[in-house]
Amino acid sequence: FLSRCPNKAVVSTQSTGDVFLSCITTYINNDGVVISEIPHIFGHYIRTWFIVDFIAAIPWEFIILISGVHDDSFLHLLKAMAIIRVLRVFRRVHDYMSSGVMSFVFMMFTFTIFAHFIACGWFAIGKLNIPHKDGWLYKFVELSQAPQGVIDDTFESPFSKYDVVKNTFEGGLTGQEVYLASLYFSFTSLTTVGFGNAAPQVHFERVYSIVIMVVGSLMYASIFGYVASIIHRISQQTSELNKRQTELVDFINVHHFPESLSNRMVDFFYNYWFTTKGVVAREIMEGWPKALREDCYLYIHDLLLKRWPVLKEASIGCQRALSERLDRIIQCPGDTIYHAGDCVGEIYFVVRGHIKVMKNDRLIGILTSGDIFGENFWPTRTGRKSKADVQALTYCEFEVLTHKNL
């Protein structure tokens, strides 16, 4: 079995392993609670998908191989129970729609599975008509084997040695080639192309083709309409970037900024965009409950709250209140944060980057991640002035707390 059907052996092994893993995999009950106790998980699995998974995990191909039975239709029907497992994926379809790429892959997978079942039905109909020497499958295989596509009285049909039960014949197409022809028919029907290479020959085949074209056209329109929206969603961020790029170029052209300042503006724009993807946290969380908002800000500003001793020793209530008042800003290389004599009304905590401190054109220090500059204390009186020039050497990111917000 392993040597003759290696792929099926792998699938059977995977299905068996899936049964054992499902016995210990947590699930969410109707109340939204995650159940992690093994006895409850096993009991829930027994009541739901165990029977289907167990039947699907049995290596029916091996049983068919060693049994030697000729009428193995029932065993093949049991093997088809594995198809029902696909329903478990469709029940959680909303989980796969959050990502544009995953949505695209899922819809293409759905379309292919649908085409597969149509191909199986088309093949089954053709197979039923073989004993009557009629139908699309008979004509298709006969034409494909005739010399130069011509059939005369001297041509011996490949179906003269055809075994209907085992679906094999000598001198004809292989099972894979016939399946490919069936799948070709289903795709041409679903995509409304319909070349007619595997055209229906009898009334029942024509009825089946009509039903497939009607149902397939609706499914084709719905799936590929959704695919178009997915592609639009994927390209939406690029469109937003292009829009803001155009606005920036127009802004520079209208005000005739010098080249050096324009380059700094463009430099900042691209760094800010690729750092934040254009997402503004305050806009996203606007209208959220206060507790949820504070939890999010605590996570965003976690580095500052844990490394700055003043905030590290503060109560959790103080940290939650301050976290919502912290701002995260970005500076590009060469940007001056403070000039000597500027009023200092905030404190900067360096998250990343390097900053130089100059006094009287002399370098007095280099600041990096974890360093703090700005106000040392928070008196009631403001208006202290900077005693040095502070300038970014690299791309820098800061957590900023202003005197007003404090």
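Definitions and cut-offs
- Residues numbered from 1 in each chain as written.
- Predicted model: local features only at pLDDT ≥ 70, side-chain atom pairs only at ≥ 80, totals over all residues.
- Heavy atoms only, no water.
- Buried < 20%, exposed > 50% of the residue type's maximum accessible area, 1.4 Å probe, protein only.
- Helix = DSSP H or I, 4+ residues; strand = E, 2+ residues; numbered from the N terminus.
- Pairing = 2+ DSSP bridges.
- Axes fitted to C-alpha atoms, helices over the stretch in contact; angles between N-to-C directions.
- Salt bridge = Lys/Arg side-chain N within 4 Å of Asp/Glu carboxyl O.
- Arc of directions from axis to C-beta.
- Contact = heavy atoms within 4.5 Å.
- Parallel < 35°, antiparallel > 145°, perpendicular 65-115°, else oblique.
- Nonpolar A, V, L, I, M, F, W, Y, C, P; charged D, E, K, R; others polar.

1. Quick notes on the pairing of strand β5 (residues 346-352)
Line of reasoning, step 1. By the criterion of burial, β5 is predominantly enclosed, with six of the seven residues buried.
Line of reasoning, step 2. Note that β5 and strand β10 (residues 396-402) share six bridges and pair antiparallel. Across the sheet, residue I347 finds its bridge partner in β10, namely L401.
Line of reasoning, step 3. Pairing analysis gives three bridges linking β5 to strand β8 (residues 372-374), with the strands arranged antiparallel. Within the sheet, the bridge partner assigned to I347 lies in β8 and is G374.

2. Section: the sheet that holds strand β6 (residues 355-359)
Line of reasoning, step 1. The strand order β4-β9-β6-β7 describes an open sheet built from four strands, whose pairing is antiparallel. With one partner strand each, in any of the chains shown, β4 (336-338) and β7 (362-367) form the two edges of the open sheet. Here the average twist between neighbouring strands, direction ignored, is 30°.
Line of reasoning, step 2. Across four bridges, the pairing between β6 and strand β9 (residues 389-392) is antiparallel. Within β9, the residue paired with K356 across the bridge is Q391.

3. Digging into the pattern of salt bridges
Line of reasoning, step 1. All chains considered together, the criterion is met by 10 salt bridges.
Line of reasoning, step 2. One salt bridge in this structure joins R293 and E324, with 2.6 Å as the shortest N-O distance. Linking R293 in helix α13 (residues 290-300) with E324 in the loop between α16 (316-323) and β3 (327-331), this pair joins segments that are 31 residues apart in sequence.
Line of reasoning, step 3. Through salt bridges with shared partners, a single network forms among K290, E294, D295 and R320.

4. Side note on α13
Line of reasoning, step 1. The complete set of buried residues in α13 reads R293, E294, Y297 and L298. Taken end-on, α13 shows its buried residues confined to a sector of 140°, consistent with a single buried face.
Line of reasoning, step 2. Where α13 is buried, its residues contact α12 (281-284), α14 (302-307) and α16.

5. Describing the packing of α13 against α16
Line of reasoning, step 1. Here α13 crosses α16 at 90°, and the two axes come no closer than 8 Å. It follows that α13 is roughly perpendicular to α16 by the angle criterion. Of the residues in α16, those in contact with A291, E294, D295, Y297 and L298 of α13 are Q319, R320 and S323.
Line of reasoning, step 2. Split into classes, the residues belonging to the contact of α13 with α16 amount to three nonpolar, two polar and three charged.

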